[in-house]
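# Understanding the architecture of this molecule
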Amino acid sequence: MSENGHTTNGAVKLTRKDFQTDQEVRWCPGCGDYSILAQVQKVMPELGIPKEKIVFISGIGCSSRFPYYMNTYGFHTIHGRAPAFATGVKVANPDLQVWVITGDGDALSIGGNHFIHALRRNVDLKIILFNNRIYGLTKGQYSPTSELGKRNKSAPMGTIDYPINPLSLAFAAEATFVGRSLDVDPKHLAMMIERLAAHKGSGFLEVYQNCNIFNDGAFKSFNEREVKEDRMIQLEHGKPLVFGKNKDKGIRLNGVTPEIVTIGETGITVDDILVHNENAHEPNLPYILGRMQFPEYPVPMGVFRVIERPTYEQMLAGQISTAVETKGAGSLEKLINSGETWVIN
Amino acid sequence: MICPYCGHNNLDGLDTCEECIHDLSFFDVPMPTGGLQMHIMEDTIGHIPYDRLALISPSDSVAHAVSRIKTVGIGQAVVVEDGKLVGILTERDLLNKVAGRELDLKLLPVSEVMTKRPETIGERDPIRVVINKMAVGEYRHVPIVKDGQPVGIISAKAVANYILKHSGLDF
Amino acid sequence: MSIAAKLSEVKIRRLPLRRPAIVERSASIRETVEAMKASRLGCALVCERGKLVGLFTERDLLNKVIGEPVSYSTPVEQVMTFDPARLSLDDSVYSAMRLMREGNYRNVPLVDAQGTAAGVVTVRDLVSYFAEHFPKEALNLPPDHDQLMLSAEGA
């Protein structure tokens, strides 16, 4: 229930309404982005951070309209460059909580490079990628995550591009938090946003989002309510990877290949099932889980990997203070005017 | 998507049919199809029975508000100032802010316990809006306002009963 | 599957239920209230050696405690609803909706075959279930209903 009460230290507790703006929310009727917006607006007040300490930065695309609808600081930047802006904002203002909202086109097409390096540097950014497997804003061309053979406006005979898996790319880019969620499961999404907010370091959350105009039902084959228990698997740290309506199927590793086994058949017990470990230093197992796709495997959801490492801005601040201690504060003006200079008139 | 006029299988999201040039933009957005889905899209809040209103003012004491709520026989009161809705006082507010604490309810004003600026809806809003507010907003009571003045209140119970009525099950 | 078929087949255990407060019948009203606040739900299951014996809700708090000459140290069993209507996790969502309507309940405690308290299903769980059942129509809506878009957008 919404409460506009006061916290114990007298600060006014924020509510979801405080994070809403008066801007007309211009997504198509039925778009999955509304659900993600609602859950972000629900989680923000729980974080206890004042609005002026939060920034939302986006690139270009339907997902990237997000900052207009959040009553916090925001940046609507150029195509694919949101992680670069965000790195600058965070390094210059380490006390701000910086979120990057991007899409499969913005982050993986034109923005691929910035995406990799922002994650690699372990800058404390929270990157949410709205994956709808299509270019939505430009009205229906295929994106780097569209399936091979998909018919659409820019590929009327079917795409001949092999798609990329955003999670695989995030693991390769050394992201320290990698997760996946769905727009149609609000509770899971809220939980994942909270975990992403709590993480210190480069955080990446892929959200399967339905574009009901240009790619309706892209995830229906596994996330429909009747089948989702058999076709998706929830990852929980320390728990065996069990799924199915009767919780009788599990994932076991055969060498490096996952295989689906049924508990109770051919002597398989729950002890044979792979146990999920979010905190393993190397992302080998999460990588294997991230490659599991429907229909061969159930689609995993949840936190794949979360580790702690010194962040870029922490190390940078450390180096700056060491330099100042040993060499003095320095002066930019002196630096610019040092060496050989000429006056031209 | 299949064109409803000529049956041609178009690409997703096209504005006009490739075969017969009919406008397709209306069919992409959620349309009422039938059954419960149609009801929640087309029926308005007016189709659901409103709960009785208990009206109080922000300066009333919580003791008075509680006795008023009990007299009307419901579980919440709507707080008005100059005729306009300014807050709502529910059982949840009483649980979280009043219960178990040493407070003199005759001295505690409603304004310190109520939920300020509650979510509201209009009589002509479709039912799906109130379902959304209750599910996403986590409210169990949503006041109905007209020009800022409360005219009723919808409870989650009433919404659940409405859904059951239109779900097609014998009831 | 039609909504009617779904409601009759989907079991309550498939809903994302929340954990209610569970207290002993001898617990004070104060302890019960604190447990309810922590659970963020509007009711507490009252048990004796794990078996459900009563239900204490916000409505009981309003009608029997607040503004009444009852001390918060009183054992909750004196103000709870004794022997409440209940269901099991394997009953259908439809049966939960019917029971809530027939009894005018918002919270229905859940027990297992032995009568041990196993959770609660609330009217809000049901409304959330429906919102998620109709994502395009009911879940994916703008924060302010005035902002409802009528047609598709695009660059």
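Calculation criteria
- Residues numbered from 1 in each chain as written.
- Chains lettered and ligands numbered in written order.
- Predicted model: local features only at pLDDT ≥ 70, side-chain atom pairs only at ≥ 80, totals over all residues.
- Helix = DSSP H or I, 4+ residues; strand = E, 2+ residues; numbered from the N terminus.
- Rg over C-alpha atoms; globule rule 2.2 N^0.38 Å.
- Buried ≥ 20, exposed ≤ 12 C-beta atoms within 10 Å, placed from the backbone.
- Contact = placed C-beta atoms within 7 Å.
- Nonpolar A, V, L, I, M, F, W, Y, C, P; charged D, E, K, R; others polar.
- Axes fitted to C-alpha atoms, helices over the stretch in contact; angles between N-to-C directions.
- Domains from an automatic or database assignment.
- pLDDT = per-residue confidence, 0-100.

### A short note on the overall build of chain B
- The number of helices and strands found in chain B is six helices and six strands.
- Ordered by position from the N terminus, the helices and strands of chain B form the series α-α-β-α-β-β-α-β-α-β-β-α.
- Taken against the 2.2 N^0.38 rule, which gives 16 Å for 171 residues, the C-alpha radius of gyration of chain B at 22 Å runs more than 25% over that of a compact globule.
- Dimensions of chain B, computed from the C-alpha atoms along their principal axes, are close to 75 × 35 × 25 Å.
- Counting the 171 residues in chain B, one finds 44% classified as buried.
- In chain B, of all internal contacts separated by at least 6 residues, the share reaching a separation of at least 24 is 50%.

### Considerations on the overall build of chain C
- Broken down by element type, chain C carries six helices and six strands.
- Each helix and strand of chain C, ordered N terminal to C terminal, gives the series α-β-α-β-β-α-β-α-β-β-α-α.
- Summarising its shape, the C-alpha atoms of chain C cover approximately 65 × 35 × 25 Å along the three principal directions.
- Out of the 155 residues belonging to chain C, those deemed buried represent 46%.
- Long-range contacts, defined as pairs at least 24 residues apart, comprise 54% of the intrachain contacts of chain C with a sequence gap of at least 6.

### A closer look at the interface of chain A and chain B
- Every contact between the two is made by 22 residues of chain A and, on the other side, 19 residues of chain B.
- Within the side of chain A that touches chain B, the residues separate by chemical class into seven nonpolar, eight polar and seven charged.

### Here we look at the packing of helix α2 (residues 82–92) of chain A against helix α4 (residues 112–120) of chain A
Residues and elements named next belong to chain A.
- Viewed as axis vectors pointing N to C, α2 and α4 meet at an angle of 35°, and their least axial separation amounts to 7 Å. Of the residues in α4, those in contact with Pro83, Ala84, Ala86 and Thr87 of α2 are His114, Phe115 and Ala118.
- When the residues that make up the contact of α2 with α4 are grouped by side-chain class, the tally is five nonpolar, two polar and no charged.

### Thoughts on the domain arrangement of chain B
- According to the domain assignment, chain B consists of domain 1 (1–28) and domain 2 (45–165).
- Computed over C-alpha atoms, the centres of domain 1 of chain B and domain 2 of chain B are 46 Å apart.

### A word on unusual backbone geometry
- Between Phe294 of chain A and the following residue, Pro295 of chain A, the backbone shows a cis peptide bond with an omega angle of 5°.
- When you line up the elements, Pro295 of chain A lands in the loop between α9 (284–290) and β11 (299–306).
- The phi angle at Lys247 of chain A is positive, at roughly 50°, despite the residue not being glycine.
- Along the chain, Lys247 of chain A falls in the loop between β8 (242–243) and β9 (249–254).
- Since 12 C-beta atoms lie within 10 Å of it, Lys247 of chain A is described here as exposed.
- One non-glycine residue, Asp147 of chain B, lies in the positive phi region at around 55°.
- For Asp147 of chain B, the position within the fold is in the loop between β5 (141–146) and β6 (149–155).
- Residue classification places Asp147 of chain B among the exposed residues on the basis of 8 C-beta atoms within 10 Å.

### Some remarks on the confidence of the model for chain C
Residue and element names in this part refer to chain C.
- Averaged over all residues, the pLDDT of chain C equals 90, while 97% of them reach at least 70.
- At the level of individual helices and strands, chain C shows its lowest average pLDDT in helix α1 (residues 3–9), which scores 82, and its highest in strand β5 (residues 107–111), which scores 95.
- Interface confidence in the predicted complex, given as ipTM, is 0.89; pTM for the same model is 0.91.

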